[in-house]
Amino acid sequence: MTPSRPGIVWYRDDLRVSDHPALQAASRSHASVVCIYVLDDRAPGLRPLGGAARWWLAQSLRALQGSLQKRGASLVLRKGSAPEVLAALARELDAGCVYWNEIAQSPHEAVANEVAAALGEIGVAAQRFPGDLLAAPSQIRNKENRGLRVFTPFWRACLAAPVPQPPVAAPDNLPAPATWPASESLAEWDLLPTAPDWSGGLRAAFTPGEAAALECVEAFLDGAVHHYRSARDQPGIAGTSRLSPHLHFGEISPRQVWHAVQASMAAGAAPEGEGAAFLRELGWREFSAHLLFQWPDLPDERLRRECADFPWAPEPALFTAWCGGRTGYPLIDAGMRELWSTGWMHNRVRMIVACNIDKIIAPPR
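This section reports on the structure supplied with the text. (Residues numbered from 1 in each chain as written. Predicted model: local features only at pLDDT ≥ 70, side-chain atom pairs only at ≥ 80, totals over all residues. Heavy atoms only, no water.)

## Overview of the packing of helix α11 (residues 254–266) against helix α12 (residues 272–294)
Across the interface, α11 lies against α12 with an axial gap of 9 Å and an inter-helix angle of 170°. Accordingly, the angle class assigned to the pair α11 and α12 is roughly antiparallel. Across from P254, V257, W258, V261, Q262 and M265 in α11, the residues of α12 making contact are E272, G275, A276, F278, L279, L282 and R285. Within the contact of α11 with α12, the residues separate by chemical class into nine nonpolar, two polar and two charged. (Axes fitted to C-alpha atoms, helices over the stretch in contact; angles between N-to-C directions. Helix = DSSP H or I, 4+ residues; strand = E, 2+ residues; numbered from the N terminus. Parallel < 35°, antiparallel > 145°, perpendicular 65-115°, else oblique. Contact = heavy atoms within 4.5 Å. Nonpolar A, V, L, I, M, F, W, Y, C, P; charged D, E, K, R; others polar.)

In structure tokens form, the structure reads like this:
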């Protein structure tokens, strides 16, 4: 790594400038920094983005562009194979190193390994940093050195593990290269819906971006957290944090959420029991990620193999009715319509909708 040569920051599902270890390391190590987001929608093993996710990504990338511009930087957008795009940009800039935050999932790790190999072939260094979890999967293991399959012992192990590192501040400024590399535009990527524009419900329900994510945490700690244990079970009221899409796109890190809640409890602003209950729910996100790390075929295969022969009666018409919120079961239908409108569904309704899909085979008369 040569400080006089540019550093490249590869953005992935971490669309923020604060608590971004890769960005912080690059800004401290190089005379100039170039940030890039690669739209690699052909990577094997990665599910293509759905319409709502593409809408969110467009807004989040636009917000990130603004945050970087305030610090003297820009965000280069390029579409294609991540290994090919990043190696080409590194050659173009004569870069010294490419930095990124890891995503602890097998398909993402496979892409990252391909990127590192492609960079190695042209003599460019790569540095990776943990950034998407409170604890690395290697920290939370059983006696056989495997991941835990039951939440309660998993969460006990998480609480016994070292406290998550404090979030790192955003760089005040990012040194720019003499000439910015060419960039595609968001408009070229066609991330937004065309006529008819169905995204009105998403726009009304959410504001993507890092600033909105931080405001969401602050609003939650000022309000809903005070009644979280009881309110989170009631779909008819705004009793949850609604942070899930912000966390998914990395507009805020789980470490930031963890430390914000802990600070609020320490200051007496958030009741300790309510805050701890919320952190436990953050632990469920962590648990899911650890399960997927240990069992990467989990999206397609059951964790409990004995359930593989569960009876299923495919009925396309009834499945379509379920998707559209027309099953005749009011709570299920309300949840599916909320999902269609806003891209989000209340956690308790998600459980009911998922656990009762078999009921659409014999809907009520």
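## Here we look at a nonpolar patch on the surface
Taken together, L331, M351 and I352 make up a surface patch of nonpolar side chains, about 240 Å² in accessible area. In this structure, L331 sits in helix α14 (residues 330–342). (Patch = residues over 30% accessible without salt bridge, like charges linked within 9 Å, V, L, I, M, F, W, Y side chains within 5 Å. Areas by Shrake-Rupley, 256 points an atom, 1.4 Å probe, with all protein chains shown as cover. Salt bridge = Lys/Arg side-chain N within 4 Å of Asp/Glu carboxyl O.)

## Side note on unusual backbone geometry
Here A195 and P196 are connected by a cis peptide whose omega angle stands at -5°. Here P196 shows up in the loop between α6 (186–189) and α7 (200–205). With a phi angle near 45°, D19 is a residue other than glycine that sits in the positive phi range. Looking at the element boundaries, D19 is found in the loop between β1 (7–11) and α1 (21–29). For D19, a relative accessible area of 1% gives the class buried. Unusually for a residue other than glycine, D94 sits at a positive phi of about 55°. Structurally, D94 is set in the loop between α3 (82–93) and β4 (97–101). Taking the relative accessible area as the measure of exposure, D94 reaches 46% and is therefore partly exposed. (Buried < 20%, exposed > 50% of the residue type's maximum accessible area, 1.4 Å probe, protein only.)

## A few points about the nonpolar core
In this structure, Y11, Y37, L61, L68 and L75 are the most contacted members of the largest nonpolar core, which totals 34 residues. Elements with a contribution of two residues or more to this core: β1, α1, β2 (33–39), α2 (51–70), β3 (75–79), β4 and α6. Sort the elements by how many residues they give to this core and α2 lands first, with seven residues. Apart from residues lying up to four places away in sequence, L68 is in contact with Y11, V17, C35, A73, S74, L75 and L174. Of all hydrophobic cores here, the second largest spans 32 residues; its members include I140, L148, L221 and W258. (Core = buried A, V, L, I, M, F, W, Y, C linked by side-chain atoms within 4.5 Å.)

## What about the pattern of salt bridges?
If you walk through the whole model with that rule in mind, you get 10 salt bridges. Among the ionic pairs, E102 bridges to R12, the shortest N-O distance being 3.8 Å. Within this pair, whereas E102 is found in the loop between β4 and α4 (106–121), its partner R12 is found in the loop between β1 and α1, the two being separated by 90 residues in sequence. On the basis of relative accessible area, R12 is assigned to the buried category, the value being 7%. Close ionic contact of R229 with E274 constitutes a salt bridge, the shortest N to O distance being 3.3 Å. Placement of R229 in helix α9 (residues 228–231) and of E274 in helix α12 is noted, with a sequence separation of 45 residues between them. Residue class for R229 comes out partly exposed when judged on its relative accessible area of 47%. Here the residues in one salt-bridge network are R12, E102 and R128, joined through shared partners.

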